[in-house]
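The primary structure of each chain is shown beneath.
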Amino acid sequence: MREQAALSNAPEGYLDFHDEYAELIAELAALGFTPTQVLRRLNFLYPHINKKYLNYALSSGIWQFGPVTADAPSYTVLACGLWYVFAEAYDLPPEPEYAALILDCDIIHDLPPALEARHFSNEDIAHVLAKIGATLKYLAAHPYSQLEEEAYAQTLEDIRLRGVKEIGTEGGSLYTLLAASMEGESAWPAPAQTVNDYLGDGNWSLGMLRTGIYPAEALENEWYIDAAAVPEDFAPKTLSLFLSYCARYDREPTALNYGYWSTIPTLIEQVPPLGAVRAKFGSWQTTLHRGRTQIARELRLWTKNEANVASVEASAAEELELLDAELTNAELEPDTPDNSPADATAEPAEPAEPARLSARELTEQGIGVVQTAHTDLAAYHRTQWEQTVEVFGERLAQLAWNRRLSTYYFFDGACLEDADPTPVVTVFRSPTGFLCELEPTVEALPAFDPEFLQEHGWRRPVPVHALWNLHALDPLEAATAVIEAMRSGCGCERWDFYRTDDDNDPLAEETEMASV
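Residues numbered from 1 in each chain as written. Predicted model: local features only at pLDDT ≥ 70, side-chain atom pairs only at ≥ 80, totals over all residues. Heavy atoms only, no water.

1. What about unusual backbone geometry?
In this structure, the amide linkage connecting Trp-188 to the following residue, Pro-189, adopts the cis form with an omega of -10°. The phi dihedral of His-119 falls on the positive side, at around 70°, and the residue is not glycine. Within the fold, His-119 resides in the loop between α7 (105-116) and α8 (122-141). (Helix = DSSP H or I, 4+ residues; strand = E, 2+ residues; numbered from the N terminus.)

In structure tokens:
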């Protein structure tokens, strides 16, 4: 009956479309796909499919879409339920235009299918999304707005009672759907206890902080969520670290992931929370766009500086080559001013001087003093450590995006033949910098010094980031931090025992230690 009614009211030309695709759509519906999932799938797999007829088919009522029971809400869907209840509690009008501009991609991706599985219509889904947009707009303008656990639970009850009251009445379909959706194990919006457990790990205030809502204990815990809490170097320092973390651990850089990441115990007092970031930039989408632009500008500046340094080095090399040529020509000049052969009966010549070094060789020897032993041992070692950092920085600069470079050290012996290479630090390069992580085995080293590491910017392990870590925007900064941590925080005291991946040569050019 429903099919006959739908076909009789179909737009002109639809019947041919129906004959071609009806069986395929029926099979997809039987597999539990939602209308949005079917729409995306067929649009990608059949790029020339008639969009008008497809939309009519999916909304005609001929097929019953969606799973038998809705899945339990994901982290994103749970947060969306919280934001929707906030809008109801504050009686905020829908903001469809704002929602279209600033809603995070994960919200648009995850929430509509979840609501479709609960039999929300397209109009109902649009209304819910617009209400969530209203919440995020309001929180950006009023970051100190609160939603206590009791107020959340009371608002849920008010929605349920209104839905029950409006069963069978015109205009009450959304609240009726919400009331039905709030029942069972996959309830949405979720009960307060579920929100507390999943978003806040049992702590309501922490859940609010992670979702950008002001918790009551914020000032007591020194959590500041206004725009002033976001420093000017937020993009190159904090956002670049977050983006590198996401790239390293295959996470999407969403607002909710930032909210959770910003509450890691090692970061919660060092980086601004999500609410402060939204208050500063207006939305997470704007934060990403502006932040990535600023990071790219910083990286271009570094690249330009590197190019300038390379140009200066090339000019210096060219000057050295010219000096070498002049010295060589001087040595090949004739022995007599008039170009005549030297007199065989002339007095014996003075003893020949030692072979003259080229300008390049003089430069490599330092200030032109040729020595067979290093008389200033401290200066020699200082130079070698500086060279180690410089070479490691060059290797990091050449590292491709989303690639790792491990640094090893030879422990267990006074010479390389008696030692085995042990990985100490791995550096992951993302488009936004270098994420340096100590290997878990280093904590067992006798010389491991956690206090030194923390004093020099390294963050201790926590469950969500289980390795000691540090982030740097440019390769020389990363190289300096890594060598410093290995040398003074892990007991890697010999520069000639350092290695990197697929490299049999030390980071410093000379391999023999100077004799004391």
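Don't stop here, the text continues.
2. A few points about the pattern of salt bridges
Taken as a whole and assessed by the stated rule, the structure comprises nine salt bridges. Across the pair Glu-166 and Arg-162 runs a salt bridge, and its minimum N-O distance is 3.0 Å. Taking relative accessible area as the criterion, Arg-162 reaches 39% and is therefore assigned partly exposed. (Salt bridge = Lys/Arg side-chain N within 4 Å of Asp/Glu carboxyl O. Buried < 20%, exposed > 50% of the residue type's maximum accessible area, 1.4 Å probe, protein only.)

3. Description of the environment of Thr-266
Residue position: Thr-266 is located in the loop between α14 (255-261) and α15 (274-281). A relative accessible area of 11% means that Thr-266 is categorised as buried. Separated by 195 residues in the primary sequence, Thr-266 and Pro-461 place their C-alpha atoms 8.0 Å from one another. Not counting chain neighbours up to four residues away, the residues in contact with Thr-266 comprise Arg-459, Arg-460 and Val-462. (Contact = heavy atoms within 4.5 Å.)

4. A short note on the packing of helix α9 (residues 149-165) against helix α10 (residues 173-181)
Following both chains from N to C, one finds α9 and α10 inclined at 120°, their axes separated by 7 Å at the closest point. Accordingly, the angle class assigned to the pair α9 and α10 is oblique. By crossing handedness, the relation of α9 to α10 is classed as left-handed. When α9 is examined against α10, the residues Ile-159, Arg-160, Arg-162, Gly-163 and Val-164 are found in contact with a partner set consisting of Tyr-175, Thr-176, Leu-178 and Ala-179. (Axes fitted to C-alpha atoms, helices over the stretch in contact; angles between N-to-C directions. Parallel < 35°, antiparallel > 145°, perpendicular 65-115°, else oblique. Left-handed = near helix turned anticlockwise from the far one by under 90°.)

5. Brief notes about the nonpolar core
By size, the foremost hydrophobic cluster in this structure holds 46 residues, and its most contacted members are Trp-83, Tyr-84, Leu-111, Val-128, Ile-132, Tyr-152 and Trp-188. No other element matches helix α5 (residues 75-89), which puts 10 residues into this core. Sequence-distant contacts of Trp-83, that is, excluding residues within four places in its chain, are made with Ile-107, Ile-132, Thr-135, Leu-136, Thr-211, Ile-213, Leu-256 and Arg-278. Core analysis: the second largest hydrophobic core is formed by 37 residues, Leu-453, Leu-470, Ala-478 and Val-482 among them. (Core = buried A, V, L, I, M, F, W, Y, C linked by side-chain atoms within 4.5 Å.)

6. Details of a negative patch on the surface
A contiguous patch of negative charge on the surface is contributed by Glu-148, Glu-150, Glu-217 and Glu-220. Residue classification places Glu-148 among the partly exposed residues on the basis of a relative accessible area of 34%. (Patch = residues over 30% accessible without salt bridge, like charges linked within 9 Å, V, L, I, M, F, W, Y side chains within 5 Å. Areas by Shrake-Rupley, 256 points an atom, 1.4 Å probe, with all protein chains shown as cover. Lys, Arg positive; Asp, Glu negative; His and termini not counted. Charge placed at Lys NZ, Arg CZ, Asp CG, Glu CD.)

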